[in-house]
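This is what each chain is made of:
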Amino acid sequence: MLIYLIHSQANLHLRTQAEMAHTCRGTINLATAHIDTEDACNIVLSSGGRTYHLKASTEVERQRWVTALELAKAKAIRMMNDQSDNGHTASLTHCYQSDDSADEEPTSQSDHSEIQGTLKTLASKLDDLSTCNELIAKHGAALQRSLSELETLRVPLEGGEKIKAVNERATLFRITSNAMINACRDFLELAESHSRRWQRVLQHEREQRTHLEETIEQLAKQHNSLERAWREAPAHAVNTPDTPTTDTGVSERPRKEEASDEDEDTEYFDAMEDSPAFITVTATDPSQHRRSQSNLSGASGGQPSDWNQDDNCSVSSNDFSGKELQPRRKRRSRISEKPNYSLNLWSIMKNCIGKELSKIPMPVNFNEPLSMLQRLTEDLEYHELLDKAARCENSLEQMCLVAAFSVSSYSTTVHRTAKPFNPLLGETYELDRLEEFGYRSLCEQVSHHPPAAAHHVVSQRGWSLWQEITIASKFRGKYLSIMPLGAIHLQFHASGNHYVWRKVTSTVHNIIVGKLWIDQSGDIDIVNHRTKETCQLKFSPYSYFSREVPRKVTGVVMDSDGQANYILSGTWDEKMESAKIVQSSRGSSSSEGKQKTVYQTLSPKLLWKKYPLPENAENMYYFSSLALTLNEEEDGVSITDSRLRPDQRLMEAGRWDEANAEKQRLEEKQRAVRRRREAEASRAIDEGEDFEGYKPLWFHQTTDEMTGENIFVYKGGYWEAKDRQDWSMCPEIF
């Protein structure tokens, strides 16, 4: 009988309340049963008028059965309470949904029920602990009374000391129990407060999702409506007479009820002026353009040029194939694939927060097999834009191409998240494409702290470019900011037009966690110092919540009077277009109270489009076709050329362990040279002598007439030394 009952108790306490009325004979409801003991081995179970007397073989076995029965009874009682509470909660939930949210999602119901169930469990546990606390306090007080009574009795001295010690321990036990209960109560209060916060967050997320769905639905309806209106527009369009002009010479916008060619195709751009936005309207009637030419100031001598009719500088993308001269030498199109080496980035970067990137010792695992000098030379990937600009007779059209060239230099960075090698002091890099594309380029590392590189390019096709770039970089924990400092100069030989601009900030995101990605943000102001014409380019930073195209670039080209002549638009990783402005006017005010400018333009023309990456580029550091050739071995280069740098060459070959060892050797060699130079300077100061610090070999420092800054410019002699193959003046840096 005992065996049957105990084996069945696991099922008894798991039955539902409805099943309790249909139990088999000989079973009892443990939830309402009374468990008692008669003597050392007997157990008495009573429930509903039935009483069972059970006997165990030993007192220990009896206690085990009593404990098992008590646990089963507690579980049965808890199940009955849960069933009744669930029914009550379900009815409350149904009433709440009927009153406030009839179409609430099932997931919300489950989340609410889960939270309520968790709180209910915590509350029951706290009740159990409170009960235990009351029992502990009750029995502890009784124990202390008994001990106090014992202390008053006449007992030996040793017994009295033991009773006193037991009394102290009982007091300590009661204090500890109270502390435990208080801690549990604090935990429950904290859980309840967090539950309310979670419910608010979930409610906010549901509201945001509902709002987003409504917005998407509204946009879809508007899109459908606009699409229908566009299809019906040709049938209802009316040719209107000449657009009336105001006293200021700017054409007024047509009234809403009047049909106009402007209504057929409207494009929107971010503002480059003080206003937050400007609107461009693409004109489709060439005659309207001819009528409105008088409203714009000319690009050269007051005569604006129409790229559609009289294009002195065609910008067709077919001209940018780079095949005006067939290369006399076949360049390489592949390098060794990047090895798959794992490395714990955080173990290296955690001690580098807030430091200059150039001062952080990095293994080659974070590098790409190119130096910073070679990355600087990559700006010439789309040199055809400058060749084209050199042939332009119109300086504003030339400005458009220069702006496209300044944007194109970022196209290679979209997937290039690896770090280039920091050049050693005195390291050089030449790129001689005189026979193939008509230009020669030379870079030299002119300073190590701060790292600065000077660059000079001269082209037989009518232009020269020079720059000195100092890299300021900071690691902020989650992202890395790279700020190129220094001006870029571009001069066209025939016209004397001299353009100056600066680079924007590059940001590498997800340094520690996630996939690395790079973004460009900021403004570029290009100035033609001869004509005072300007171009303002805005690189929009990426935002998850923005509806704009990622990596968007917009710009306005203005003449010396501040009159806008061209609108530029595109992305820094794909293409840039320009549209000639034929009319401008002030439109309606924006939500910020600023007035928008409305520009009517001709159809946009493609200025630049990115070349596709080579096949298998993802396994070759995402190098472009030009980048694949930059580290190709060449005869006759200087002994300080980046192509001869051993750690970079080993990395390109996939021998990264050897490259790391070689990199450490080169850096230590450079430190030793610097320490020796500092010791010589200190000795010269002590002796009162003049000490001449390090001077670059091919560049010298002068004052920039345009910016007033100190800048390193090419002083000549490199290409003559190459013709003689005389590199005796070059230091042994490798």
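Values in this document were obtained by computation on a predicted structure and should not be read as measured data.

1. Regarding the overall build of the chain
Next up, step 1: Looking only at helices and strands, the chain has 14 helices and 24 strands in total.
Next up, step 2: Here the chain holds 734 residues, and 42% of them are scored as buried.
Next up, step 3: Considering only intrachain contacts with a sequence separation of at least 6, the fraction spanning at least 24 residues in the chain is 60%.
Next up, step 4: Taken as a whole, the chain presents about 40,900 Å² of accessible surface, with 51% of it coming from carbon and sulfur.

2. Structural notes on the sheet that holds strand β2 (residues 42–47)
Next up, step 1: One open sheet holds the three strands; their spatial order is β1-β2-β3, and the pairing between them is antiparallel. With one partner strand each, in any of the chains shown, β1 (34–37) and β3 (50–55) form the two edges of the open sheet. Averaged over all neighbouring strand pairs, the angle between strand axes comes to 20 degrees, with direction disregarded.
Next up, step 2: With six bridges connecting them, β2 and β3 associate as antiparallel partners.

3. Concerning the UniProt feature "coiled-coil region" (unreviewed entry) in the chain
Next up, step 1: Within the UniProt annotation, "coiled-coil region" (unreviewed entry) is assigned to residues 202–229 and 656–683.
Next up, step 2: Secondary structure content for residues 656–683 is 100% helix and 0% strand, and the end C-alpha separation is 41 Å.

4. Side note on empty space enclosed by the protein
Next up, step 1: Taken as a whole and assessed by the stated rule, the structure comprises four cavities of 30 Å³ or more.
Next up, step 2: Roughly 100 Å³ of internal volume is contained in the largest cavity.
Next up, step 3: Residue lining of the largest cavity: 14 residues in total, with Asp-379, Phe-405, Ile-488, Trp-501 and Lys-503 positioned closest to the centre.
Next up, step 4: Secondary structure elements with two or more residues in the lining of the largest cavity: α9 (395–408), β11 (463–475) and β14 (498–502).
Next up, step 5: Across the lining of the largest cavity, the residue classes tally to seven nonpolar, four polar and three charged.

5. A few points about a negative patch on the surface
Next up, step 1: Judged by side-chain charge, Asp-686, Glu-687, Glu-689 and Asp-690 come together as a negatively charged surface patch.
Next up, step 2: Inspection of the secondary structure assignment puts Asp-690 in the loop between α13 (656–686) and β23 (699–703).
Next up, step 3: Classification of Asp-690 as exposed rests on a relative accessible area of 80%.

6. Structural notes on α13
Next up, step 1: The first and last C-alpha atoms of α13 sit 45 Å apart over 31 residues, in line with the 45 Å expected at 1.5 Å per residue.
Next up, step 2: Of the positions making up α13, those classed as buried are Trp-656, Ala-659, Asn-660, Glu-662, Lys-663, Leu-666, Glu-667, Gln-670, Ala-681 and Ala-684.
Next up, step 3: Along its buried surface, α13 packs onto β7 (419–421) and α12 (646–652).

7. Considerations on a nonpolar patch on the surface
Next up, step 1: On the surface, a nonpolar cluster with roughly 470 Å² of combined accessible area is contributed by Tyr-542, Tyr-544 and Phe-545.
Next up, step 2: Along the chain, the position of Tyr-544 falls in the loop between β17 (533–539) and β18 (552–558).

8. So, the pattern of salt bridges
Next up, step 1: Summed over all chains, the structure comprises 32 salt bridges.
Next up, step 2: Across the pair Glu-430 and Lys-722 runs a salt bridge whose closest N-O atoms are separated by 2.5 Å. Note that Glu-430 is positioned in strand β8 (residues 428–433) and Lys-722 in helix α14 (residues 718–724), a separation of 292 residues in sequence.
Next up, step 3: Using a relative accessible area of 15% as the deciding quantity, one classes Lys-722 as buried.
Next up, step 4: For Glu-667, the salt bridge is made with Lys-663, and the minimal N-O distance between the two is 2.7 Å. With Glu-667 and Lys-663 both in helix α13 and four residues apart, this pair spans about one turn of that helix.
Next up, step 5: The class of Lys-663 is buried, set by a relative accessible area of 8%.

9. Considering unusual backbone geometry
Next up, step 1: Following His-449, the chain continues to Pro-450 via a peptide bond in cis, the omega torsion being 0 degrees.
Next up, step 2: Summarising the element assignment, Pro-450 is placed in the loop between β9 (439–447) and β10 (452–459).
Next up, step 3: Even without being glycine, Asn-616 reaches a positive phi, approximately 65 degrees.
Next up, step 4: The topology assignment puts Asn-616 in the loop between β22 (605–609) and α11 (625–630).

Criteria and cut-off values
- Residues numbered from 1 in each chain as written.
- Predicted model: local features only at pLDDT ≥ 70, side-chain atom pairs only at ≥ 80, totals over all residues.
- Heavy atoms only, no water.
- Helix = DSSP H or I, 4+ residues; strand = E, 2+ residues; numbered from the N terminus.
- Buried < 20%, exposed > 50% of the residue type's maximum accessible area, 1.4 Å probe, protein only.
- Contact = heavy atoms within 4.5 Å.
- Areas by Shrake-Rupley, 256 points an atom, 1.4 Å probe, with all protein chains shown as cover.
- Pairing = 2+ DSSP bridges.
- Axes fitted to C-alpha atoms, helices over the stretch in contact; angles between N-to-C directions.
- UniProt positions renumbered as here; feature names shortened; annotations may be inferred.
- 1 Å grid on protein atoms, 1.4 Å probe; cavity = no way out; pocket = protein on both sides within 12 Å on 5 of 7 lines; lining within 4 Å.
- Points joined across faces, edges and corners; volume = space filled by probe spheres on them.
- Nonpolar A, V, L, I, M, F, W, Y, C, P; charged D, E, K, R; others polar.
- Patch = residues over 30% accessible without salt bridge, like charges linked within 9 Å, V, L, I, M, F, W, Y side chains within 5 Å.
- Salt bridge = Lys/Arg side-chain N within 4 Å of Asp/Glu carboxyl O.
- Lys, Arg positive; Asp, Glu negative; His and termini not counted.
- Charge placed at Lys NZ, Arg CZ, Asp CG, Glu CD.
- Expected span 1.5 Å × (residues − 1).

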